[in-house]
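# Chain and residue survey
So you can see what is in the structure, the chains are spelled out below.
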Amino acid sequence: MKTDFDFPKKDLIGPVVFRPDFNNFETINVNQAWSLFFSAGQDDKVLGESTELGKFFTNLLIAVGVTGTIWGTFFSNLG
């Protein structure tokens with residue numbers, strides 16, 4: 001049986017954030033950040049290259065926080 005897989009790097013398996021060739025103090029985009037969050041640090045390209053989905057998740061998180069704050073402010077004194 002012949003395989004075409006050649007994995008020369010010893011750091012190939014494991015979280016991407018601990019690989020020596022990742023980031024090098026470069027800024028990451030929104031999709032990379034959310035991809036690392038959703039994949040628990042395993043892959044930084046789960047959401048692809050387009051930033052619209054990452055911006056959607058960021059805006060959704062902000063909206064949930066603002067809604068929760070407004071909800072708590074207006075409905076905390078009803079009792």
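Up top is the structure these notes are about.
Keep in mind it's a predicted model, so treat the numbers as computed, not measured.

A separate point is unusual backbone geometry. Its identity is not glycine, yet Ala 40 carries a phi of approximately 55°, on the positive side. As for its position among the elements, Ala 40 is in the loop between α1 (30–38) and α2 (52–75). Residue classification places Ala 40 among the exposed positions, given a relative accessible area of 61%.

This next bit is on the side chain of Ser 35. With respect to the helices, strands and loops of the structure, Ser 35 is situated in helix α1. On the accessibility criterion, Ser 35 (0% relative accessible area) is buried. Beyond its immediate stretch of four places on either side in the chain, Ser 35 contacts Asp 43, Asp 44, Lys 45, Val 46 and Leu 47.

Basis of the calculations
Residues numbered from 1 in each chain as written. Predicted model: local features only at pLDDT ≥ 70, side-chain atom pairs only at ≥ 80, totals over all residues. Heavy atoms only, no water. Helix = DSSP H or I, 4+ residues; strand = E, 2+ residues; numbered from the N terminus. Buried < 20%, exposed > 50% of the residue type's maximum accessible area, 1.4 Å probe, protein only. Contact = heavy atoms within 4.5 Å.

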